[in-house]
Amino acid sequence: MHRRTLIKAFALSASVISMGFAFSAQAADTIKVGIMHSLSGTMAISETPLKDVALMTIDEINASGGVLGKKLEPVVVDPASNWPLFAEKARQLLSQDKVAAVFGCWTSVSRKSVLPVFEELNGLLFYPVQYEGEEMSPNVFYTGAAPNQQAIPAVEYLMSEDGGEATRFFLLGTDYVYPRTTNKILRAFLHSKGVQDKDIQEVYTPFGYSDYQTIVADIKKFSAGGKTAVVSTINGDSNVPFYKELANQGLKATDVPVVAFSVGEEELRGIDAKPLVGNLAAWNYFESVDNPTNAKFVAAYRAWAKAHKLPNADTVVTNDPMEATYVGLHMWAQAVEKAGTTDVDKVRAAMAGQTFSAPSGFTLTMDKTNHHLHKPVMIGEIEGNGQFNVVWQTEQPVRAQPWSPFIAGNDKKSDVPVKTAAN
């Protein structure tokens, strides 16, 4: 009886071990990829579509044979617009889930929260949103715009004849590092153009802010002093009440144009765009750009949204950070193929100089040294249907300047990525 029990125990043990080996082999048959975006809270309006387009891109790559002959397996987490939670989720993805790379974050405060984790654990983050620069980590690839690829060209346009020849600037943003640093750069840039501090006003509001009645009234008062433009770095769902208040108070683009750096097709989906016609956004891609690559991208996303029964699937849109996510995932997959491994150090080296034919209509290049994409700059006017008409763009992609020349001391900064502790 005792011998029979031992035999049964041995058989069970062998079965469990073989199951373990099978599970390990099965796990090794996929490459895990982290997707880290806020699917709840104030940033969900902007970040949820980035999760969706990342999943679509993974499906697209898998349908083409995967990477290194293996399927990509998405691991989705929701940091819930909670900045410390981003760091916890990043550690979970890298330490527990063992993902090969992470695609995520929108706000700079979330990126700053996770950066020490990625540098400590030597992970790779692909960050798809325009930002303030002043950073160049070896553990991040920045597929969104630096200030010279968005903010500065936008203000130059506002000062031009085509842009209305603004002489006064109302800088309105959400109160965190991206708007404050971007406006620090813009203020120095405006000084270099002869604009005095009395013609620049800065106002900041908390995340999730909704009562813009007084602020819009202040914009109207400020504009009485000369040709005025608003430069908006409002982020998340606060954009909806801001634009609604502009309409309520009858402030039109012909009176005071607003150029936004964090408002795109998705944010306009929730409001009546007709009163906002003529206001501007500066990006590196718009859904409306007319080329075969973009037509394919937009059609693929619409089909994917319907197939996966996304909310309001019939009205889904694409936007700039979605395109940057799409480009980043494809470039990473190309780099893994080139490296022949998901090893972070080897993939990092293989990313240098990667190119991709992007929906923007341009072939984008990952810079060989600074971890930023060379990107075209586009300025679009809001149309009544919530889309943008491109009124100005660069002829070619522009190389990013992570260290702005308008911040003192940046000329002494390293021109290759170094860990943030060294900056």
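Here the structure is shown first, and the text comes after it.
Residues numbered from 1 in each chain as written. Predicted model: local features only at pLDDT ≥ 70, side-chain atom pairs only at ≥ 80, totals over all residues. Heavy atoms only, no water.

**Student:** Which parts of the structure should I look at to understand the side chain of arginine 348?
**Tutor:** Mapping arginine 348 onto the fold places it in helix H12 (residues 344-351). For arginine 348, the side chain forms a polar contact with the side chain of asparagine 122, separated by 2.9 Å. The contacts of arginine 348, once residues within four sequence positions are left out, are Asn122, Pro138, Asn139, Phe141 and His371. (Helix = DSSP H or I, 4+ residues; strand = E, 2+ residues; numbered from the N terminus. Polar contact = N/O pair within 3.5 Å; in protein donor to acceptor, adjacent residues only side chain to side chain. Contact = heavy atoms within 4.5 Å.)

**Student:** How do you make sense of the pattern of salt bridges when you look at a structure like this?
**Tutor:** Proximity of charged atoms lets side chains of opposite charge pair with each other. Enumeration according to the criterion identifies 18 salt bridges in this entry. Salt-bridge contacts for glutamate 287 lead to arginine 302; the nearest nitrogen and oxygen are separated by 2.9 Å. Note that glutamate 287 is positioned in the loop between strand E10 (280-283) and helix H10 (292-307) and arginine 302 in helix H10, a separation of 15 residues in sequence. Exposure remark for glutamate 287: the relative accessible area of 7% places this residue in the buried category. Taking relative accessible area as the criterion, arginine 302 reaches 41% and is therefore assigned partly exposed. In this structure, aspartate 314 engages lysine 306 in a salt bridge whose closest nitrogen and oxygen atoms are separated by 3.9 Å. Judged by relative accessible area, which is 68%, aspartate 314 ranks as exposed. Put simply, Arg111, Lys112, Glu132 and Glu135 are held in one network by salt bridges that share partners. (Salt bridge = Lys/Arg side-chain N within 4 Å of Asp/Glu carboxyl O. Buried < 20%, exposed > 50% of the residue type's maximum accessible area, 1.4 Å probe, protein only.)

**Student:** It is not clear to me how H12 should be interpreted in this structure. Could you clarify?
**Tutor:** Residue pairs three or four apart in sequence face the same way in an α-helix, which turns once every 3.6 residues. Of all the positions in H12, only Val344, Val347, Arg348, Ala350 and Met351 are classed as buried. Projected down its long axis, H12 shows its buried positions confined to an angular sector of 165 degrees, all on one face. With respect to the buried face of H12, the exposed residues turned more than 90 degrees away are Lys346 and Ala349. In the core, the buried residues of H12 are packed alongside strand E4 (125-127), strand E5 (140-142), helix H11 (320-339) and strand E12 (363-366). (Arc of directions from axis to C-beta.)

**Student:** For this particular structure, what's the right way to read the sheet that holds strand E11 (residues 355-357)?
**Tutor:** The strands making up a sheet associate through backbone hydrogen bonding, with each pair oriented either parallel or antiparallel. Strand order in the open sheet formed by 3 strands is E11-E12-E13, and the pairing between neighbours is antiparallel. Each end of this open sheet is capped by a strand with a single partner; those strands are E11 and strand E13 (373-374). Of the pairings in the sheet, the one linking E12 to E13 comprises 2 bridges and is antiparallel in character. Bridge pairing in E13 links methionine 366 to leucine 373. Across the face of the sheet, H11 comes into contact with E11, E12 and E13 while running at roughly 130 degrees to E11. (Pairing = 2+ DSSP bridges. Axes fitted to C-alpha atoms, helices over the stretch in contact; angles between N-to-C directions.)

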